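Notes for the structure review
Next come the chains, spelled out residue by residue.
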Amino acid sequence: THLCENLANIEHFDYGAAAPFCICTEIKKVFNDDRRASGYRGESSIYIDYLFGEFADLKVSMNEKGFRKYVLGNIIKNLHEHAFKEIDELELSHKIVNKRFSWWTKFVVKLLPYSVKMRYMAMYKDVENFKIPEKRIRISIRPSYKDSQRVEIIIENNGKPFYGDIEKVFENGIGEGSGIGLYSAQQFLNAYNANITMFTNAENEYKVGFIINIPIL
């Protein structure tokens, strides 16, 4: 109950002391750690394109642990629970079917009549050759068009399109889970004169993304 009360009033959190840090280094560390963790869980690899260019050494001032937890952590959680959920489920189903076909072809199919055996072998080939869609993330940085002392960090993915109200995803209580994930990300960034927005375009390769507008040092 105490935790829920704190989360409901997260705008009053003390996020800790702000200090300069290289935001690109932090982003790469967090996303690479998650990619390794996905591999340990037996999930397919997530391909990440880092397009930092001239901003590779960019520094910002805020609480680094808070940025990792509230912002990057919740964006990654959103990727697994929404953007890539269908791909992960498809991959799991394919592994189960592939395993069953492997057992079947080894111990049963050899005993079947030739014509039946050929049909099953064709089905097995279809399963074996089925391609799971790649999971891709692109992270880039560009100058803010409105303020030379700010940049925009774009984190986009090629997962499931989003057809809901993008203005509401940052509201408290919105979502299938606790409804505080992206809300807490917004509240944390607001505490440091930054903000996060969402964009979507189902026709693009990268269908959904977040833009973090943040002041730089």
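Our structure is the block above this text.
**Observations regarding the packing of aromatic side chains**
- Here the structure, examined in full by the defined rule, presents 4 aromatic pairs.
- Between Tyr50 and Phe52, the aromatic rings sit 5.7 Å apart at their centres with planes inclined by 45°, giving tilted as the arrangement.
- When its relative accessible area of 8% is taken as the criterion, Phe52 is described as buried.
- Here a set of aromatic residues connected by ring pairs shows up, and it is made of Tyr70, Phe188 and Tyr192.
- One Lys or Arg, Lys28, reaches over the ring of Tyr50 and ends 5.3 Å from the middle of that ring.

**Side note on the side chain of Asn32**
- Inspection of the secondary structure puts Asn32 in helix 2 (residues 23-40).
- Looking at Asn32, its side chain comes within polar contact range of the side chain of Tyr50, at 2.8 Å.
- Apart from the residues within four sequence positions on either side, Asn32 is in contact with Ile48 and Tyr50.

What counts and how
Residues numbered from 1 in each chain as written. Predicted model: local features only at pLDDT ≥ 70, side-chain atom pairs only at ≥ 80, totals over all residues. Heavy atoms only, no water. Phe/Tyr/Trp six-rings, centres within 6.5 Å; stacked < 30°, edge-to-face > 60°. Buried < 20%, exposed > 50% of the residue type's maximum accessible area, 1.4 Å probe, protein only. Lys NZ or Arg CZ within 6 Å of the ring centre and 35° of its normal. Helix = DSSP H or I, 4+ residues; strand = E, 2+ residues; numbered from the N terminus. Polar contact = N/O pair within 3.5 Å; in protein donor to acceptor, adjacent residues only side chain to side chain. Contact = heavy atoms within 4.5 Å.

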